[in-house]
Amino acid sequence: YSSEGFRPSEDGNLAYGVEQKLPLWGKPKLNRRVAEADASTRQAEAELRVQEIRHDIAKGLLATALAQRIVEIGEQDLAWLDATARATENKYRAGNAVLADTLQIQNEAAKRNDALRTDRNRLAHERLALNRLLNRPADSAWPSLRLPPVSPAIPLSEKLLTLAIQSEPKLKVMAQEIKQAQAEAELTRKTRLPDVSLGVEGRQYSGDGEFRSGMFTLRFSLPWFNESKYRKDYARDKEKQKTAEQEREDQVLTVREELHHLSVEIEAMRREALLYGDEISARAAQALTSRLADWEAGRGMFRDVLDARRMLLESELMSARSTAEQNEMLADLLLWTGLESVEALAPLANEPSIVPDHANH
């Protein structure tokens, strides 16, 4: 205290007070909206990650099933080669076959044995990768997996597009980001309004502890001197909102394009799987039986037998790969539509396509 001022016993030398900011201009409500929008965005991102993990697991299962099918085809081919090699050796000993045939079938068996070892190693790798996705020990055993049957085609329909635009996980994240940007821009607009606080203060003297004086206070900030700064901040947040809206519009177009691509490829893989699985494989098996019978009767070349065997092997592998690829694309379609199972796509197979039919063009 100065010697020219009040005495402490008169004015009091202990000051205390409380102050409360008034909830004016809707600022607390806007802060809550920003926090809620941020929480909703984080929740949408978590749901997107769940969908992506489910998608990765589905593709891992399909890759494992395909690798196992390739091993099975290789084992069957090796068994056929071993049996044919023994028959060729017997014919050679009897003088009914040439040495070149015996050596050629032995080479084919050796190459198949080596390829089968590689295929088994790849199957082991697919199982290891699948265990990692499921957070299981790397050496966890897996039961025998089979590829699912060939699924019907899913045309690009209005119902499919509507479902994807409403349920695609990334679009949901972007929609929440737009809401968050809107809330942040509105909060920034309100920051140019003054903060108003109401308070109460008291003073007492430490010598006797008696109350000396008190006052009510009303305080507010003066933000008008920084009007240009607030205006720039608001323009920046509105630009963020506009950017988020444009990114969502671009994602909608991407969804439409990707759905069209998937519908075309799913239908193509379906035709290819049925062609190789039902028609070409059956004809190749008949051709192999006929070529083998001709060679055993001495009416055909052994090279024709091996060519027929390669055709049958190729058709079986193509059928398995086409089936796996079709189901992988169905897994992609599940991710784009936000659905959880292939069975949920079944009703969409009967929807009319919005794409012109080019079959007769």
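Notes on the structure in this doc start here. For clarity, every value in this text was computed on a predicted model and none was experimentally measured.

Procedures and definitions
- Positions within a chain are numbered from 1, following the residues in the order the chain's sequence is written.
- The predicted nature of this model means local features are confined to residues of pLDDT at least 70 and side-chain atom pairs, given and counted, to a pLDDT of 80 or more, with totals for whole chains, interfaces and linings taken over all residues.
- Based on all heavy atoms of the structure, the side-chain values leave hydrogens and waters out of the count.
- Strand pairing requires that DSSP identify at least two bridges connecting the strands.
- Helical segments are the DSSP runs of H or I of at least four residues, strand segments are the runs of E of at least two, and each set is numbered from the N terminus.
- In this analysis, axes come from line fits to C-alpha atoms, helices being fitted only over the stretch in contact, and the angle between any two N-to-C directions falls in the range 0 to 180 degrees.
- Criterion for a salt bridge: a side-chain nitrogen of Lys or Arg within 4 Å of a carboxyl oxygen of Asp or Glu.
- In this scheme, a residue with accessible area under 20% of its type's maximum is buried, one over 50% is exposed, and one in between is partly exposed, where area comes from a 1.4 Å probe on protein chains only.
- In this analysis, two residues are considered to be in contact whenever any of their non-hydrogen atoms come within 4.5 Å of each other.
- A pair of aromatic rings is counted whenever rings of Phe, Tyr or Trp (Trp by its six-membered ring) have centres within 6.5 Å, and the orientation is called stacked for planes under 30 degrees apart, edge-to-face for over 60 and tilted otherwise.
- Two limits define a charge over a ring: the Lys NZ or Arg CZ must be within 6 Å of the ring centre, and within 35 degrees of the ring normal.

Some words on the sheet that holds strand β2 (residues 196-204)
Stage number 1. Strand order in this open sheet of three strands is β1-β2-β3, and the pairing throughout is antiparallel. Bordering the open sheet on either side are β1 (14-21) and β3 (211-220), each of which pairs with just one other strand. Taken pair by pair, the neighbouring strands of this sheet meet at an average axis angle of 15°, ignoring direction.
Stage number 2. Across eight bridges, β1 lies against β2 in antiparallel orientation. By the bridge assignment for β2, Gln20 is matched with Leu198.

Some details on the pairing of β2
Stage number 1. As paired strands, β2 and β3 are joined by nine bridges and run antiparallel to one another. Along β3, the bridge assignment pairs Gly199 with Thr217.
Stage number 2. Hairpin connection between β2 and β3: a loop of six residues separates the two successive antiparallel strands, and Gly209 in this loop has a positive phi of roughly 75°.

Looking at the pattern of salt bridges
Stage number 1. Here the structure, examined in full by the defined rule, presents 25 salt bridges.
Stage number 2. For Glu72, the salt bridge goes to Arg146, with nearest N and O atoms at 2.9 Å. Highlighted residues: Glu72 in helix α2 (residues 27-93) and Arg146 in the loop between α3 (99-133) and α4 (158-167), separated in sequence by 74 residues.
Stage number 3. Among the ionic pairs, Arg236 bridges to Asp233, the shortest N-O distance being 3.5 Å. Separated by three residues within a single helix, Arg236 and Asp233 lie in helix α6 (residues 227-296), roughly one turn from each other.
Stage number 4. Judged by its relative accessible area of 42%, Arg236 is partly exposed.
Stage number 5. Beyond isolated ion pairs, a larger network of salt bridges with shared partners links Asp77, Glu108, Lys111, Arg112, Asp307, Arg309 and Arg310.

What to know about the side chain of Gln51
Stage number 1. Counting through the fold element by element, Gln51 comes out in helix α2.
Stage number 2. In contact with Gln51, not counting residues within four places along its chain, are Pro169, Leu335, Gly338 and Leu339.

Brief notes about the packing of aromatic side chains
Stage number 1. Counted under the stated rule, the structure contains one aromatic pair.
Stage number 2. Relative to Phe302, the ring of Trp295 has its centre 4.9 Å away and its plane inclined at 50°; by these criteria the two rings are tilted.
Stage number 3. Look at Trp295 and you get buried, because its relative accessible area is 4%.
Stage number 4. Look at Phe302 and you get buried, because its relative accessible area is 2%.
Stage number 5. If you follow Arg136 out to its NZ or CZ, it ends over the ring of Trp142, 4.8 Å from the centre.

These figures come from the coordinates and say nothing about function on their own.
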